[in-house]
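Listed below are the residues making up each chain.
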Amino acid sequence: MTDRRPLLRAIFDAAVAAAHPDRILAAQLPPAPRGRIICLAAGKGAAAMAAAAERHYLDTLSLEPSRLVGIATTRHGHRVPTSVIEVIEAGHPMPDAAGVRGAEASLALAATATPDDLLLVLLSGGGSANWIAPTEGVTLAQKQHATRALLRSGAPIGEVNTVRKHLSRIKGGRLARAGRHAGQIVTLAISDVPRDEPSAIASGPTVPDPTTLADARALVARYDLQLDPAVAAALNDQRNESVKAGDAAFARARFEIIARPRQSLDAAIQFARDAGYEVADLGADLEGEAREVAAAHAQLARKARAAGRKLAILSGGELTVTVRGQGRGGPNQEYALALAQQLSDLPDIAALAADTDGADGGAGNADDPAGALIDAATFAQIVARRLDPAAYLADNDATGFFAQTGDLLITGPTLTNVNDIRVILV
């Protein structure tokens, strides 16, 4: 039987390459101002974006190095060499003290901007966790507890960020307010959210926020989140309302998305077509419970096989997991595990599900799995090792399952993030 794993990995790599900062950033960078360029970056691609900006301004345009200053706050393990922009490695998905330092230093540097300066903000997925500046009266530990509750609730990322924005001094337009004296604020973002909503990317530090404190409180109630009293009090304090449209902070602000999940999915689709597959494009904005989406996709694969089609089923977006067990994993691994449960009698179907940032859930380490693959070898291991996919699903332990079968996808940091890529080859 043909080994489709190299093709699955090549399709995934094509999606990642389409969104890499080295490929996409330079052409979008604004001209140098009369004064300084203050470059503030956050997210899993932050250091790579900062390095690309340095090459453009210092090498290509020969800007005097003293005119470029900045801080890039990225996930642990995602550092790349820079010459003048400081790189701070911080926690993700759980924020940590290094993230506080990065956010505080970024706010302070933004506040030094003058009308001659350009405030250049470079955002990528993960920025919400990397830039952590708890609002007054909330400690880092209390913010960590709230983050953990949100991530385990199964709430989609937009709702998670609605709460985050109202517990922060940098999210929800507040960075723009800190840098409001700059001659221009230009934000260039790699989107990692469904429908590319600017206020959701890194929790919208430089754009107006359409969500409110009342929205955040409603989400806490809907998901029955057990939050620290100080956090609950902060969500009832009008001073923590995010910055709205019409605020003077946005008078000279411009926001552009330079890479979208749709572009990366299109690159993956083209690669699959070039490999001779008919394509079922399910869209770049899928949301929902990972195991439920997997069940629906498994049925599509079964129908395609029954019809004798050579079909690649591709999708993007960001699935969620409502955590009820004690295991390890992420939405892509859980999706792949649910697929394995559904398709174990069909050895001629292969699939990959992975996060384009190279980390699917995990503990915040550089060697966390990006996702998982399944094929005939997986199904053979289920039988040989007497594994029960349903039991692993019940414990939310997809990592434990795929560690047994040898099917974890380990890519290391990709230095970008445009959500997930899922591929089923029939």
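Every value quoted in this text rests on a predicted model; they were computed, and no experiment measured them.

A.B. asks: So what's going on with the overall build of the chain? Which residues, and what values?
C.D. replies: Assigned secondary structure in the chain consists of 16 helices and twelve strands. Relative to the globule expectation of 22 Å for 426 residues, the C-alpha radius of gyration of the chain, 22 Å, shows essentially globular dimensions. When the backbone C-alpha atoms are referred to their principal axes, the chain occupies close to 65 × 50 × 30 Å. By residue count, 59% of the 426 residues in the chain fall in the buried class.

A.B. asks: Break down the packing of helix H14 (residues 376-384) against helix H16 (residues 398-405) for me, with residues and values.
C.D. replies: In a pair of packed helices, the angle between the axes and the distance between the axes together describe the arrangement. The N-to-C vectors of H14 and H16 enclose an angle of 95°; their axes lie 9 Å apart at closest approach. Between H14 and H16, the angle falls in the class roughly perpendicular. Note on element contacts: H16 touches H14 through Phe 401, Phe 402, Gln 404 and Thr 405, opposite Thr 378, Gln 381 and Ile 382. Residue composition of the contact of H14 with H16, grouped by class: three nonpolar, four polar and no charged.

A.B. asks: Would you mind going over the packing of aromatic side chains in detail, with residue names and values included?
C.D. replies: Per the stated rule, a full pass over the model turns up two aromatic pairs. Between Tyr 392 and Phe 401 the ring centres are 5.4 Å apart and the planes differ by 75°, which places this aromatic pair in the edge-to-face class. Look at Phe 401 and Phe 402: their rings are 5.0 Å apart centre to centre, the planes differ by 85°, and that puts the pair in the edge-to-face class. For Phe 402, a relative accessible area of 0% puts it in the buried group. When the ring centre of Tyr 277 is taken as reference, the NZ or CZ atom of Lys 310 above it lies at 4.8 Å. For Arg 422, the ring lying beneath its charged end belongs to Tyr 335, and the centroid distance is 5.6 Å.

A.B. asks: If you had to explain unusual backbone geometry to someone new, which residues and values would you point to?
C.D. replies: Residues His 92 and Pro 93 are joined by a peptide bond in cis, for which omega reads 5°. Phi is positive for Asp 196, which is not a glycine, with a value near 55°. Considering the arrangement of structural elements, one finds Asp 196 in the loop between strand E5 (184-190) and helix H9 (213-222). Overall, the relative accessible area of 14% leaves Asp 196 in the buried class.

A.B. asks: Give me helix H11 (residues 261-274): which residues, what numbers.
C.D. replies: End to end, H11 covers 20 Å across 14 residues, agreeing with the expected 20 Å (1.5 Å per residue, within 8%). For H11, the full list of buried residues reads Pro 261, Ser 264, Leu 265, Ala 268, Ile 269 and Ala 272. Considered in projection along H11, the buried side chains sweep an arc of 140° and stay on one side of the axis. Where H11 ends, the next residue or the one after it, Gly 276, has phi of about 100°, a positive value.

A.B. asks: Go over the packing of helix H12 (residues 290-306) against helix H13 (residues 331-343) with me, naming the residues and quoting the values.
C.D. replies: Packing of H12 against H13 leaves a shortest axis separation of 8 Å and a crossing angle of 45°. In this view, H12 runs oblique relative to H13, as classed from their interaxial angle. For the element pair H12 and H13, the recorded crossing hand is right-handed. Within the contact between the two elements, H12 uses Ala 290, Arg 291, Val 293, Ala 294, Ala 295, His 297, Ala 298, Gln 299 and Arg 302 and H13 uses Pro 331, Glu 334, Tyr 335, Ala 338, Leu 339, Gln 342 and Leu 343.

A.B. asks: Explain the environment of Leu 393 to me, and be specific about the residues and the numbers.
C.D. replies: Summarising the element assignment, Leu 393 is placed in helix H15 (residues 389-394). Expressed as a C-alpha distance, the spacing of Leu 393 and Arg 291, which sit 102 residues apart in the sequence, is 8.5 Å. Leu 393 has contacts with Arg 291, Glu 334, Leu 337, Ala 338 and Gln 341, leaving out every residue within four places of it along the chain.

A.B. asks: Please give an account of helix H4 (residues 97-110) that cites residues and values.
C.D. replies: Taking 1.5 Å of rise per residue, 14 residues should cover 20 Å, and H4 covers 20 Å from first to last C-alpha, within 8% of that figure. Regarding H4, the residues found buried are Gly 99, Val 100, Gly 102, Ala 103, Ser 106, Leu 107, Leu 109 and Ala 110. With a side-chain oxygen positioned 3.2 Å from the backbone nitrogen of Ala 98, the residue opening H4 is Asp 96.

A.B. asks: I'd like to hear about the pairing of strand E8 (residues 311-315), residue by residue, with values.
C.D. replies: With five of five residues buried, E8 is to be regarded as a mostly interior element. On E8, burial covers both faces: Leu 311, Ile 313 and Ser 315 on one face and Ala 312 and Leu 314 on the other are all buried. Strand direction decides the pairing type here: strand E7 (residues 278-281) and E8, joined by four bridges, are parallel. Residue Asp 281 lies in a different strand from E8, and its bridge partner there is Leu 314. Note that E8 and strand E12 (residues 420-425) share four bridges and pair antiparallel. Its bridge partner lying in E12, Ser 315 is registered against Arg 422.

Conventions adopted
Residues numbered from 1 in each chain as written. Predicted model: local features only at pLDDT ≥ 70, side-chain atom pairs only at ≥ 80, totals over all residues. Heavy atoms only, no water. Helix = DSSP H or I, 4+ residues; strand = E, 2+ residues; numbered from the N terminus. Rg over C-alpha atoms; globule rule 2.2 N^0.38 Å. Buried < 20%, exposed > 50% of the residue type's maximum accessible area, 1.4 Å probe, protein only. Axes fitted to C-alpha atoms, helices over the stretch in contact; angles between N-to-C directions. Parallel < 35°, antiparallel > 145°, perpendicular 65-115°, else oblique. Contact = heavy atoms within 4.5 Å. Nonpolar A, V, L, I, M, F, W, Y, C, P; charged D, E, K, R; others polar. Phe/Tyr/Trp six-rings, centres within 6.5 Å; stacked < 30°, edge-to-face > 60°. Lys NZ or Arg CZ within 6 Å of the ring centre and 35° of its normal. Expected span 1.5 Å × (residues − 1). Arc of directions from axis to C-beta. Left-handed = near helix turned anticlockwise from the far one by under 90°. Polar contact = N/O pair within 3.5 Å; in protein donor to acceptor, adjacent residues only side chain to side chain. Pairing = 2+ DSSP bridges.

All we've got here are geometric facts, nothing functional implied.
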